[in-house]
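Here is what each chain is made of, one letter per residue.
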Amino acid sequence: MEYELRWGKWTWMPALVIGTIIGAIILWLDFQQMGIAWHNGYYMAMLGYYVMFSICQSHYFKVKPEPSWDGLARQWVSITSAVLIFYVNDWMMREVVGIPGNLVMGGQFFFIVLGFFFFGMDDFMFKGALSKWIKKDAVKAIFWFIIIWVFWYILFAASWGLSRALGVFDALANNIFLGSFQWTIMMSMMIAITWRDFLESIKWKSDIQRGLVLLPFSLIMGLVLGYICVFFIDVIQPFADPDAMLSSVDKWHHVLYMGTFPLIPIILFGIYSNHFNAIPDVKKKVMARTAFIASMVILGYFIFHLVTSETGLFAVNGTNPHWFHSQDLIFNFTVSIIPLSHHWFCGRVWFLRSKRKT
């Protein structure tokens, strides 16, 4: 059976409304009812692991891509896995690796960001070529999980690595990596969703060559966009909070937050709309998609900060956090993962209908 979007090119709008409502309820329960200690100590990390395991399931434990509520159980697999790995990784990082207690949560977030990237990188950039020698998808998932641990140790833990958690911790290097790498992940999503048509039109010599072009492109663009964001922060700082004294560590921490604003437009517009497919020229179509997403990122950033500053949505004891320490990242991930996981596990049931005969 063939399906089409229930509301055509406007389907992304009800999907956004529903995702935002559900996400806002979750965040209200988390932030206002459970409290800031729960939010900082558990929700943030477990949300990250939930997203990480959902990405893993979407690539290596696939379900039939048809509208059905049967896949709803996959949500509980991700939730259960997130809770389990949170405590397992906490124990591993503290007791086995020896990460100081005050850096363990940072280590968890570093691990999560690497997980976002590695569980999708092979399929997005190399068309699965890096792990095609592994015959079972479940074993591929285990393989990439081990790779995440290896890179986590080299980049975060090792005293001779980037962040040097087992030595003299370098907070600036740590945040530069996380901020720029979040943008690298966004480039990976653009490759998978926004630029897919154009990339498929290119005649690559092999999938390995494809990946060897797209991987460094994503890494370089991630760093470039990170520094553009730092410049942007310096420009808006006098208007947003003239009394705040931002260090480079603070700025790059906010770059990480800023790098989550493409999530909602990439996902909602890429999966729940016609994605400008009415434009016949593939280059013009992809340019239109990119321009739309870029404008939505900028608009979304300012709308979020205006709304949260005026409503006190994330206020603690009546006090709003500074704009550069707001909850951009949590909001964007919470809202975007709802329609994305609904697509992965339930085939966008209710948002699709049987294709009408013409």
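Above this note sits the structure.
The rules behind these values
- Every chain is numbered independently, its residues counted from 1 as its sequence is written.
- Owing to the predicted nature of the model, reporting of local features is limited to residues with pLDDT of at least 70; listing and counting of side-chain atom pairs is limited to 80 or more, with chain, interface and lining totals taken over all residues.
- Based on all heavy atoms of the structure, the side-chain values leave hydrogens and waters out of the count.
- Residue types Ala, Val, Leu, Ile, Met, Phe, Trp, Tyr and Cys, when buried and joined through side-chain atoms within 4.5 Å, form a set referred to as a nonpolar core.
- For every residue, the accessible area (1.4 Å probe, protein chains only) is compared with the maximum for its type, and the residue is labelled buried under 20%, exposed over 50%, or partly exposed between those bounds.
- Secondary structure elements follow DSSP: runs of H or I no shorter than four residues count as helices, runs of E no shorter than two count as strands, and numbering proceeds from the N terminus.
- Pairs of residues are marked as contacts when any of their non-hydrogen atoms sit within 4.5 Å.
- Each cavity reported here is a set of points on a 1 Å grid over the protein atoms alone in which a 1.4 Å probe fits but cannot get out, each pocket an open set with protein on both sides within 12 Å along at least five of seven lines, and each lining residue one with an atom within 4 Å of a point.
- Grid points are joined across faces, edges and corners, and a volume is the space filled by probe spheres set on the points.

1. Things to note about the nonpolar core
Here's step 1: If you look at the biggest cluster of nonpolar residues, it comprises 102 residues, and the most contacted ones within it are Tyr49, Ile99, Phe111, Leu114, Phe119 and Trp152.
Here's step 2: Per-element tally for this core: the top contributor is helix α4 (residues 101-126), with 14 residues.
Here's step 3: What Phe111 contacts, discounting residues up to four positions off in sequence, is Tyr49, Met52, Asn89, Met93, Phe145, Ile148, Trp149 and Trp152.

2. Things to note about the layout of surface pockets
Here's step 1: There is about 1200 Å³ of room inside the largest pocket.
Here's step 2: Along the wall of the largest pocket there are 48 residues; nearest its centre are Phe124, Ile193, Ile271, His343 and Trp344.
Here's step 3: The set of elements that each furnish at least two residues to the lining of the largest pocket consists of β1 (3-5), α2 (36-60), α4, α6 (171-194), α7 (196-201), α10 (263-271) and α12 (328-346).
Here's step 4: Considering every element that reaches the lining of the largest pocket, the biggest residue donor is α6, with seven residues.
Here's step 5: In this structure, the second largest pocket spans a volume of roughly 670 Å³.
Here's step 6: Along the walls of the second largest pocket sit 32 residues, with Met44, Phe109, His253, Leu256 and Tyr257 positioned nearest its centre.
Here's step 7: Secondary structure elements with two or more residues in the lining of the second largest pocket: α2, α4, α6, α9 (248-258) and α12.

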